[in-house]
Amino acid sequence: MRILIAEDDPALAGALQHALRDAGYAVDWVTSGLEADSALQDSELDLLILDIGLPKKSGLEVLKTLRARDSHLPVLILTALDGVNDCVRGLDYGADDYIAKPFELAELQARVRSLTRRGTAGSPTLLKHGALTYDQVGRTARLNGEVVELSAREVGLLEILLRRPGRLISKNQLVDHLCEWGEEVSSNAIEVYVHRLRRKLESGGVRILTVRRLGYTLDRPDPQ
Ligand code: CA
């Protein structure tokens with residue numbers, strides 16, 4: 001597992017490198033957006049830890065460039081404590097997760113584990129989340145074995161949430177994903193779909209949480 005850290009604060013980058021190497025990852029470190037760009041061009045990487053506030057080219061621009069190349073590399077962005085807007089834009093540009101500074105190393109390591117697992121696990125046909133199972137081929141959801149009747153929109157929404165359990169998904173990301181069907185979906189409509197889907201799943205203990213100003217996340221399932 002190879003991780004690239006793009007962070008211009010040497011103390012923070014040093015601590016991250018140390019902790020991640022201890023956890024068995026190979027770690028590269030760059031200190032500017034331009035260096036990050038070139039490291040991302042020619043390396044076999046499993047995760048990018050990306051500071052938003054980078055010199056020469058901002059983290060958001062690096063992310064944009066990366067996603068414009070159709071790269072699906074998992075990206076964890078580091079934002080300042082008051083960086084809510086950065087964070088929303090980062091998620092809109094295709095970041096997979098974010099963590100606000102200052103953070104506990106243990107928290108960061110947990111996020112890294114979750115993101116790198118996703119990167120290598122491939123895409124199983126059956127996704128499970130507590131009492132919910134979702135068949136990605138047949139596009140059917142079951143709660144405790146019972147089929148849940150879902151509209152096409154709700155199915156789309158559920159797929160996005162299930163593929164990123166515990167991670168935040170912005171409304172704009174949901175709009176983008178749902179619009180792949182070639183229809184206009186407004187951000188208000190997203191609220192309605194989320195509301196309906198939430199009602200259909202709550203009896204099975206599957207919770208869709210609203211994170212104010214940021215988006216939605218699928219809560220951890222209740223232990224079975
Ligand atoms: Ca910085």
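Provided above is the structure to which this section pertains.
What comes next is a walk through the structure. (Residues numbered from 1 in each chain as written. Predicted model: local features only at pLDDT ≥ 70, side-chain atom pairs only at ≥ 80, totals over all residues. Heavy atoms only, no water.)

## Notes on the coordination of the calcium ion
Working reference: metal with six octahedral donors, ideal angles 90 or 180 degrees; metal with four tetrahedral donors, ideal angle 109.5 degrees. On the protein side, the calcium ion has D8 (OD), D51 (OD) and G53 (O) as donor atoms, found 2.2 to 2.4 Å from it. Linear spacing of the donor residues for the calcium ion on their chain is D-x42-D-x1-G. Of the two residues, D8 sits in the loop between β1 (2-6) and α1 (10-22) while D51 sits in strand β3 (residues 47-51), which places them 43 residues apart along the sequence. (Donors = N, O, S within 2.8 Å, 3.2 Å for Na, K, Ca; no water. Helix = DSSP H or I, 4+ residues; strand = E, 2+ residues; numbered from the N terminus.)

## Observations regarding the pairing of strand β12 (residues 215-218)
Judged by which residues are buried, β12 turns out to be covered on both faces: G215 and T217 on one side and Y216 and L218 on the other are all buried. Summarising the sheet, strand β10 (residues 169-170) and β12 pair through 2 bridges and their orientation is antiparallel. Bridge pairing in β12 places S170 opposite G215. Across 4 bridges, strand β11 (residues 208-211) lies against β12 in antiparallel orientation. Each bridged residue has a counterpart across the sheet, and for V211 the counterpart in β12 is G215. Remark: 3 residues form the turn of the hairpin made by β11 and β12, two consecutive strands paired antiparallel; R213 in that turn has positive phi of roughly 70°. (Buried < 20%, exposed > 50% of the residue type's maximum accessible area, 1.4 Å probe, protein only. Pairing = 2+ DSSP bridges.)

## A few points about the packing of helix α2 (residues 33-42) against helix α3 (residues 59-68)
Put simply, α2 and α3 touch, their axes get as near as 9 Å, and they point 20° apart. It follows that α2 is roughly parallel to α3 by the angle criterion. Of the two possible hands of crossing, α2 and α3 adopt the one that is right-handed. In this structure, α2 uses G33, A36, D37 and L40 to contact α3, whose residues at the interface are V62, T65 and L66. Within the contact of α2 with α3, the residues separate by chemical class into 4 nonpolar, 2 polar and 1 charged. (Axes fitted to C-alpha atoms, helices over the stretch in contact; angles between N-to-C directions. Parallel < 35°, antiparallel > 145°, perpendicular 65-115°, else oblique. Left-handed = near helix turned anticlockwise from the far one by under 90°. Contact = heavy atoms within 4.5 Å. Nonpolar A, V, L, I, M, F, W, Y, C, P; charged D, E, K, R; others polar.)

Geometry only, nothing functional implied.
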